Number of protein chains: 2
Amino acid sequence: MSSHPFDTALHLTPDFGATPDQFLGLTSPAWWNMVGPFGGVSAAIVLNAVMMHPSRLGEPVALTVNYASGLIQGAFKVMATPVRTNRSTQHWVLALRQADASGVEFVVLTGTAITAVRRETWSANDMPMPEVAPPDSVARITPFSKAAAWLQRYDMRPVTGALPSTWDGGASSDDPQLASLTQLWIRDEPPRALDFASLTAMADVFFPRIWLRRSVRVPVGTVSLTVYFHSGVEQLAESGTGYLLGQARGQAFRNGFFDQAGQLWSTAGTLLATTHQLVYYKE
Amino acid sequence: MSSHPFDTALHLTPDFGATPDQFLGLTSPAWWNMVGPFGGVSAAIVLNAVMMHPSRLGEPVALTVNYASGLIQGAFKVMATPVRTNRSTQHWVLALRQADASGVEFVVLTGTAITAVRRETWSANDMPMPEVAPPDSVARITPFSKAAAWLQRYDMRPVTGALPSTWDGGASSDDPQLASLTQLWIRDEPPRALDFASLTAMADVFFPRIWLRRSVRVPVGTVSLTVYFHSGVEQLAESGTGYLLGQARGQAFRNGFFDQAGQLWSTAGTLLATTHQLVYYKE
């Protein structure tokens with residue numbers, strides 16, 4: 001097994017004695033966020049169960065993960081069940097569960113995924129990569145909080161829409177199209193060749209849009225994350241250990257929830273994934 | 001029961017003798033598309049099971065539905081299971097199943113939903129409604145296919161990006177930001193007061209982006225649909241039977257799948273829902 005911290009976090013043991021759909025894992029301190037592991041790595045873990053499943057058909061095209069309750073430090077169980085297999089697509093139902101102190105199991109994550117055998121077709125990119133300065137000319141940010149270990153797992157270089165330096169409640173921009181926009185270069189630290197799991201985690205690296213929008217650090221938590229994969233293994237291999245350009249923008253903030261729409265391009269400008277999430281916020 | 005065709009399609013009978021999570025329904029010919037019912041109404045049906053569930057907490061904030069196999073004419077069963085209930089949010093696992101000729105059940109839809117008790121908070125709209133001509137100054141389109149009965153269930157008025165009139169394989173625009181863009185006014189026909197179910201269905205009314213993009217009618221099918229609800233019952237009530245402005249745009253088209261990102265605003269400009277889908281295409 002690779003000793004890269006991402007592979008350590010992703011590590012699952014098949015529990016095929018129970019069912020081929022069941023895998024056992026352990027939370028990884030290197031990925032801790034304020035009150036639990038970084039959500040992107042949890043999403044990557046359930047996708048990894050699909051990737052490891054002996055009956056898998058094709059590669060991931062869609063993943064939705066819902067954060068039902070906090071993941072506590074320790075052991076967990078992942079269920080990845082192929083409920084329908086067609087000629088070229090396969091539908092998965094996903095769950096991550098833990099046991100409380102008295103051994104009673106509870107649901108931490110729910111989710112669904114679709115894998116598919118992809119064939120070469122007519123293709124187009126209607127969301128070209130924004131023209132921005134290359135990664136080596138953009139300063140890397142240093143993690144703002146030692147409490148959030150996962151921030152040290154990435155080399156992040158914000159082009160625009162960095163975390164506010166002062167929490168003064170001032171709007172970031174008068175233009176609604178820019179007010180909650182972040183663009184940043186990102187790669188694993190230390191570098192690691194891109195795969196579906198790491199692409200999934202990177203879809204969740206953007207700090208909460210409402211912090212940027214309001215310059216107020218209100219309590220937040222992602223409740224649902226969707227990733228659409230537009231890349232096969234070939235495009236991921238082309239990306240290698242290079243930087244991705246990530247872009248995220250809020251659309252609506254209302255009564256305790258906001259959404260985020262995002263894109264991830266390879267350095268060469270290939271749109272590898274599009275992503276959306278819904279985030280709870282307080283106040 | 002209302003005799004509106006949407007309410008007919010939505011009608012479910014609780015099968016509480018089995019479990020409070022189970023509901024029985026029947027496909028509705030008025031909503032037929034080429035090879036099965038309009039996908040938007042299927043998504044609305046599973047959401048309706050959540051709405052009818054005796055243990056529901058709050059209102060929908062997120063819904064994901066995956067189209068695993070074709071819905072055949074006749075009876076179906078919907079399962080809506082609240083797998084985790086927190087103080088203000090509730091997580092649902094959804095499925096729609098049918099039995100084949102020999103009585104064997106198969107999965108038609110998988111899905112997840114989140115409901116939540118929403119409270120008034122700071123709010124903002126970073127995706128303002130585009131400035132377009134009002135609905136009464138835009139011509140209503142007449143359905144292009146009698147085979148697709150569901151098209152007659154909507155009053156649709158395309159502002160831009162209407163279905164191509166010639167299928168000549170020509171690109172709709174040289175500008176990638178516009179090439180797969182549709183904006184249209186829409187409401188139920190006959191008019192019906194907006195609710196979460198009808199808003200869900202309207203999130204799926206856009207014809208396939210690839211038809212607009214290429215002016216070629218390649219075979220297509222939605223595989224996954226997500227709707228984020230930014231509106232409570234109050235905003236829906238304000239919208240009443242008025243038109244919504246819908247906007248949809250493709251981002252990536254590659255090797256058999258494309259995605260669509262969309263928004264639905266009330267006539268007054270409130271962003272009621274944002275939506276995304278992944279669509280299979282051939283060639």
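Treat the numbers as computed from the prediction; the structure is a model and nothing was measured.

The next subject is the overall build of chain A. In terms of regular secondary structure, chain A is built from six helices and 13 strands. A compact globule built from 283 residues should have a C-alpha radius of gyration of about 19 Å, and chain A, at 19 Å, falls within 12% of that. Seen through its C-alpha atoms, chain A measures out along the principal axes to roughly 55 × 50 × 35 Å. Put simply, chain A has 283 residues, and 49% of those count as buried. For chain A, the proportion of contacts with a sequence separation of at least 24, taken over those separated by at least 6, is 70%.

Our next topic: the pairing of strand S3 (residues 59–67) of chain B. Residues and elements named next belong to chain B. Among the nine residues that make up S3, eight are buried, leaving the element largely enclosed by the rest of the structure. As paired strands, S3 and strand S6 (residues 105–116) are joined by eight bridges and run antiparallel to one another. Looking across to S6, one finds that Val65 is bridged to Gly111. Where S3 lies against strand S10 (residues 220–229), five bridges are found, and the strand directions are antiparallel. Each residue of the ladder has a partner; that of Asn66, found in S10, is Ser224.

Contacts between chain B and chain A engage 58 residues on the former and 57 residues on the latter. Among the residues forming the side of chain B that touches chain A, the class breakdown is 23 nonpolar, 24 polar and 11 charged. Alignment of strand S11 (residues 244–254) of chain A against strand S7 (residues 124–125) of chain B, held across two bridges, turns out to be antiparallel. Bridging across to S7 of chain B, Phe253 of chain A finds its partner in Ala124 of chain B.

Two copies of one chain are present, and they are related through a rotation about an axis combined with an axial shift. For these two chains of identical sequence, chain B goes onto chain A by a turn of 180° and a shift of 0.0 Å along the axis, with RMSD 0.0 Å. Those values place the two copies in the arrangement expected of a two-fold rotation axis. With an isologous cut-off of 70% or more, the 98% of interface residues of chain B that recur at the interface of chain A puts this contact in the isologous class.

What follows covers the environment of Ala62 of chain B. In this structure, Ala62 of chain B sits in strand S3. In this structure, the C-alpha to C-alpha distance between Ala62 of chain B and Gly262 of chain B, residues 200 residues apart in sequence, is 14 Å.

Residues and elements named next belong to chain A. When cut into domains, chain A gives domain 1 (5–116) and domain 2 (138–281). The distance between the C-alpha centroids of domain 1 and domain 2 comes to 22 Å. Every contact between the two is made by 27 residues of domain 1 and, on the other side, 27 residues of domain 2. Listing elements by their share of the side of domain 1 that touches domain 2, those giving two or more residues are helix H1 (5–10), helix H2 (39–52) and strand S3 (59–67). Counting residues per element, the side of domain 1 that touches domain 2 draws most heavily on S3, which supplies nine residues.

So, about helix H2 (residues 39–52) of chain B. Residue and element names in this part refer to chain B. The first and last C-alpha atoms of H2 sit 20 Å apart over 14 residues, in line with the 20 Å expected at 1.5 Å per residue. Counting buried residues along H2, 12 of its 14 residues qualify, which places the element largely inside the surrounding structure. For H2, the full list of buried residues reads Gly39, Gly40, Val41, Ser42, Ala43, Ala44, Ile45, Val46, Leu47, Asn48, Ala49 and Val50.

This next bit is on the environment of Ser165 of chain A. Inspection of the secondary structure assignment puts Ser165 of chain A in the loop between strand S8 (154–160) and helix H3 (176–179). Sequence spacing of Ser165 of chain A and Thr121 of chain A is 44 residues, and the spatial spacing of their C-alpha atoms is 46 Å.

For the rest of this paragraph, the subject is the environment of Ala273 of chain A. All names here are of chain A. Secondary-structure assignment places Ala273 in strand S13 (residues 271–281). The sequence separation of Ala273 and Gly17 amounts to 256 residues, and the corresponding C-alpha distance is 35 Å. Not counting the four nearest positions on each side in its chain, Ala273 is found in contact with Leu199, Ala203, Val227, Tyr228, Phe229, His230, Ser231 and Leu264.

Below, the discussion takes up the pairing of strand S9 (residues 182–188) of chain B. Residues and elements named next belong to chain B. Judged by how many residues are buried, S9 sits mostly within the fold: five of seven residues are covered. Note that S9 and strand S11 (residues 244–254) share five bridges and pair antiparallel. Among the inter-strand pairings, Ile186 is bridged to a residue of S11, identified as Leu244.

With that settled, consider the nonpolar core. With 150 residues, the main nonpolar core has Val46, Leu47 and Val78 of chain A together with Val46, Leu47, Val78 and Leu199 of chain B as its most contacted residues. Each residue touching Val46 of chain A, except ones within four places of it in the same chain, is listed here: Val65, Val78, Ala80, Leu94, Leu96, Leu109 and Gly111 of chain A.

Comment: phi is negative for the bulk of residues other than glycine, and the bulk of peptide bonds are trans. All names here are of chain A. A cis amide bond, omega 0°, links Glu189 with the succeeding residue Pro190. When you line up the elements, Pro190 lands in the loop between strand S9 (182–188) and helix H4 (196–202). In the Ramachandran plot, Ser215 falls in the positive-phi region, its phi being about 50° despite a non-glycine side chain. Within the secondary structure, Ser215 sits in the loop between helix H5 (209–214) and strand S10 (220–229).

Once that is clear, we can look at the confidence of the model for chain A. With 98% of its residues at a pLDDT of at least 70, chain A reaches an overall mean of 95. With a pTM of 0.97, the predicted complex shows an ipTM of 0.97.

Analysis parameters
Along each chain, the written sequence defines residue order, and numbers are assigned to residues from 1. Working convention: letters from A go to chains and numbers from 1 go to ligands, in the order in which they are written. Given that this is a predicted model, residues contribute local features only at a pLDDT of at least 70 and side-chain atom pairs are listed and counted only at 80 or more, while totals for whole chains, interfaces and linings are drawn from all residues. Note on conventions: DSSP H or I runs of at least 4 residues are helices, E runs of at least 2 residues are strands, and numbering of each starts at the N terminus. For the radius of gyration, the atoms used are the C-alpha atoms, and the globule rule reads 2.2 Å times the number of residues raised to 0.38. To assign burial, the other C-beta atoms lying within 10 Å of each residue's own C-beta are counted, with C-beta atoms placed from the backbone; 20 or more indicates buried, 12 or fewer indicates exposed, and intermediate counts indicate partly exposed. Any pair of residues counts as being in contact when their C-beta atoms, constructed from backbone geometry, are within 7 Å of one another. Strands pair, by our definition, only if DSSP identifies at least two bridges between them. In the scheme used here, Gly and all other residues not listed as nonpolar or charged are polar, with Ala, Val, Leu, Ile, Met, Phe, Trp, Tyr, Cys and Pro taken as nonpolar and Asp, Glu, Lys and Arg as charged. Here the copies are superposed with least squares, the fitted atoms being C-alpha atoms of residues at a pLDDT of at least 70 in both. Note that the domain bounds were set by an automatic or database domain assignment. For a helix, the expected span equals 1.5 Å multiplied by the residue count minus one. We define the nonpolar core as any set of buried residues of the types Ala, Val, Leu, Ile, Met, Phe, Trp, Tyr and Cys, connected via C-beta atoms lying within 7 Å of each other. As a per-residue measure, pLDDT reflects the predictor's confidence and takes values from 0 up to 100.

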